Amino acid sequence: MISLKENLSDQNVNKLPDGNRRNDWLQTIKVILQPIEMLEETQQRYGDIFTSRFASFPTQILISNPQAIQALFTADSQLFDSGSGNQIVQPLVGANSVILLDGDRHLQQRKLLMPTFHGERMRAYGELIREITLQVTSQWSIGKPFIARASMQDISLQVILRAVFGLKSGERYQQIKQVLTEMLDTFNTPLSVIFLFFKSLQRDLGAWSPWGKFIRRRQQLDELIYQEIRERRHQTEYGEDILSLLMSARDEQGQPMSDVELRDELMTMLFAGHETTAISLAWALYWIHYVPEVREKLLLELNSLDIAHTDPATITQLPYLNAVCSETLRITPVTFFSFPRILKAPMKFMGYDLPKGMMISPCIYLTHHRPDIYPEPQRFQPERFLERQFSPYEFLPFGGGNRRCLGMAFALFEMKLVLATILSQYSLELLDKVPLKPVRRGIVFAPPGGVRLKVKQDIASNRVERPTA
Ligand code: HEM
């Protein structure tokens, strides 16, 4: 990573020396394996706007300065592309994904998807989320450790499959669940992510090679998704789910989405929607049980209601629950960067003359750890969200501007309902009460080990853990 602020002072990024070209591989591996150390070191040396270059990406400017982030998010979106900067996820989501589109096609696709994640349509999923949470957590045994990330992933994956795909329990549902989980597990170690970053490693060297394994699982998943699409095309009535909505949509020429376009958008929702939410939930459970005062305060708020019979909308408006979710997304954001914005033409930005093609990436992690905005940034303190309102350029776990996360409202709704349901039903204990540093999982950042917990008491049935002899 080069990050020569002193060189930016000559106001011309073109003149930056090419300091890290010979170390590209090493730099990339460090960014992959020790991203926090790398980011913090660079920020300490060069401040909150600096250049960085790694892997095969063009030079990018990383910003963690709220004024710069505001300038970027409020600038005319026609000046930037983002899709072409997200190619790293193309093997997962396909070329027609909203994440990879730019310009009018991107706007059209956002308009189509947006209503499904908001308002009445979203609230209709409240009961489903509660039901799935109860069903997954009923598999926990008193006194037996479980991995929070795995359980939360089971919940969020089922939520997506039922709400987005409109799948009912059955054989295909189970198959999709299994294959997708295996496919994402291909990238579950920090080092395995190198396959996504370096195209030259993306070679199918047989069923046992890492990329070969990934490709075969993706084919299996594609077949299952195409089977579902074909079956739905023969149905005369459309349901309330997102696949139904996409199938009934027509473009300006009156054309429906093709099977491949539908597949890519479904994969996008699966990929963007379930692991992010699951990891955020695992972090929330970690923090709630790591800081006892937080758990006490939260339980006080939740116990003031009969959660099982309270309208989901009321639960999602609880102030302390909201503060706990926000603080979780601040201190341990699942994505460290928002999408890059790539200049379509030369531009003056924050006093610097930037050339066409330059990428600007807001760094969520560094912005969320600025001591001038969040005093004692390493402390988990939900109260800060009760005492102050942060601007969308200071608190940006879901990015911003024209690419802001489409699933933001849905993810927060789901997080709050799942947490309220679990905490009002079970008394849990964190088994590894140690500080945790996020590690890479695919392109997101997860708690190492996935957070081990155990059930001490099932409150509803009043069963408690028996002391061991
Ligand atoms: C806690 C959970 C989540 C987090 C932290 C998160 C975070 C993000 C971030 C940082 C971006 C990039 C925004 C930007 O560059 O400005 C994004 C984009 C996106 N997210 Fe999420 N997300 C979450 C859940 C979801 C869910 C549940 C869905 C849908 C089911 C979803 C769908 C998307 C889509 C489609 C985009 C691309 C938007 C575009 O290109 O216009 N996300 N998300």
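A brief structural summary.

Reading the values: rules and limits
- Within any chain, residue numbers begin from 1 and follow the written order of that chain's sequence.
- Totals for whole chains, interfaces and linings use every residue, but because this is a predicted model, local features are given only for residues with pLDDT of at least 70 and side-chain atom pairs only at 80 or more, for both listing and counting.
- Each side-chain value is derived from all of the structure's non-hydrogen atoms; neither hydrogens nor water enter the calculation.
- Any residue with at least one heavy atom within 4 Å of a molecule or strand is counted as near it.
- Pairing of N or O atoms within 3.5 Å defines a polar contact, subject to two protein rules: one partner must be a possible hydrogen donor and the other a possible acceptor, and residues neighboring in sequence count only if both atoms are side-chain atoms.
- Put simply, DSSP marks the helices as runs of H or I at least four residues long and the strands as runs of E at least two long, and each gets a number from the N terminus on.
- Classification used: nonpolar for Ala, Val, Leu, Ile, Met, Phe, Trp, Tyr, Cys and Pro, charged for Asp, Glu, Lys and Arg, polar for all others including Gly.
- With water omitted from the atoms examined, metal sites may look incomplete; donors here are N, O and S atoms no farther than 2.8 Å from the metal, or 3.2 Å in the case of Na, K and Ca.
- For the exposure calls, accessible area comes from a 1.4 Å probe over protein chains only, and a residue counts as buried if that area is under 20% of its type's maximum, exposed if over 50%, partly exposed in between.
- What the arc describes is the spread of directions from the helix axis to the C-beta atoms.
- Throughout, a residue-residue contact means that at least one pair of heavy atoms, one from each residue, lies within 4.5 Å.
- Between the N-to-C directions of two axes lies an angle of 0 to 180 degrees, each axis being a line fitted to C-alpha atoms and, for a helix, fitted only over the stretch in contact.
- In this scheme, roughly parallel covers angles under 35 degrees and roughly antiparallel covers those over 145, while 65 to 115 is roughly perpendicular and the rest are oblique.
- Here a crossing is called left-handed whenever its near helix is offset anticlockwise from the far helix by less than a right angle, and right-handed whenever the offset is clockwise.
- Throughout this description, the term salt bridge denotes a Lys or Arg side-chain nitrogen within 4 Å of a carboxyl oxygen of Asp or Glu.
- Only buried residues count toward a nonpolar core, which is a set of Ala, Val, Leu, Ile, Met, Phe, Trp, Tyr and Cys residues joined through side-chain atoms within 4.5 Å.

1. Regarding the site of the ligand
Neighbouring residues of the ligand: 27 residues in total, closest His106, Arg110, Phe339, Arg341 and Cys405. Between the ligand and Arg110, the relevant distance is 2.6 Å, taken from an oxygen atom to a side-chain nitrogen or oxygen of the residue. Between the ligand and the protein, one listed contact pairs an oxygen atom with a side-chain N or O atom of Arg341 at 2.9 Å. For the shell around the ligand, the elements supplying multiple residues, two or more each, are helix 6 (103–113) and helix 14 (259–290). Broken down by element, the shell around the ligand gets its largest block of residues, 5 residues, from helix 14. Within the shell around the ligand, the residues separate by chemical class into 13 nonpolar, 10 polar and 4 charged.

2. Side note on the coordination of the iron atom of the ligand
With respect to protein ligation, the iron atom of the ligand binds only Cys405 (SG), at 2.2 Å. By secondary structure assignment, the location of Cys405 is in the loop between helix 19 (384–387) and helix 20 (408–425).

3. Brief notes about helix 4 (residues 66–74)
Every buried residue of helix 4 is accounted for by Pro66, Ala68, Ile69, Leu72 and Phe73. In an axial view of helix 4, the angular spread of the buried residues amounts to 155 degrees, which keeps them on one side of the axis. Exposed residues pointing more than 90 degrees away from the buried face of helix 4 are listed as Gln67 and Thr74. In this fold, the buried residues of helix 4 make contact with strand 2 (60–63), strand 3 (80–81), strand 5 (341–343), strand 6 (347–349), strand 8 (359–362) and helix 18 (364–368). You can read the cap of helix 4 off the contacts: a side-chain oxygen lies 2.8 Å from the backbone nitrogen of Gln67, and it is on Asn65.

4. Concerning the packing of helix 14 against helix 20
The description of two packed helices rests on the angle between their axes and on the distance between the axes. Put simply, helix 14 and helix 20 touch, their axes get as near as 10 Å, and they point 45 degrees apart. By the angle between their directions, the pair helix 14 and helix 20 is classed as oblique. In this structure, helix 14 meets helix 20 at a crossing whose hand is right-handed. On the side of helix 14, the interface is formed by Thr277, Ser280, Leu281, Ala284, Leu285, Ile288 and His289, while helix 20 contributes Ala411, Glu414, Met415, Val418, Leu419 and Leu423.

5. Concerning the pattern of salt bridges
Here the structure, examined in full by the defined rule, presents 25 salt bridges. Of the charged contacts, one joins Glu275 and Arg441 as a salt bridge, the two residues approaching to 2.7 Å between their closest N and O atoms. Here Glu275 is found in helix 14, whereas its partner Arg441 is found in strand 10 (residues 439–441), with 166 residues between them in sequence. Of the two residues, Glu275 and Arg441, both sit in the buried class. Counted as one network, the salt bridges with shared partners bring together Arg172, Glu228, Glu231, Arg232 and Asp241.

6. Describing helix 15 (residues 292–302)
Of all the positions in helix 15, only Val294, Leu298, Leu299, Glu301 and Leu302 are classed as buried. The arc enclosing the buried residues of helix 15, seen along the axis, measures out at 160 degrees, which places them on a common side. Exposed side of helix 15, more than 90 degrees from the buried face: Glu296 and Leu300 are the residues found there. Packed against the buried residues of helix 15 are helix 14, helix 17 (319–331) and helix 20.

7. Structural notes on the nonpolar core
With 109 residues, the main nonpolar core has Met152 and Leu428 as its most contacted residues. Counting residues per element, this core draws most heavily on helix 14, at 16 residues. Among residues more than four places away in sequence, those in contact with Leu428 are Trp140, Phe146, Leu285, His289, Arg295, Ile422, Leu453, Lys454, Val455 and Lys456. If you look at the next biggest cluster of nonpolar residues, it comprises 18 residues, including Ile49, Ile61, Ile69 and Tyr393.

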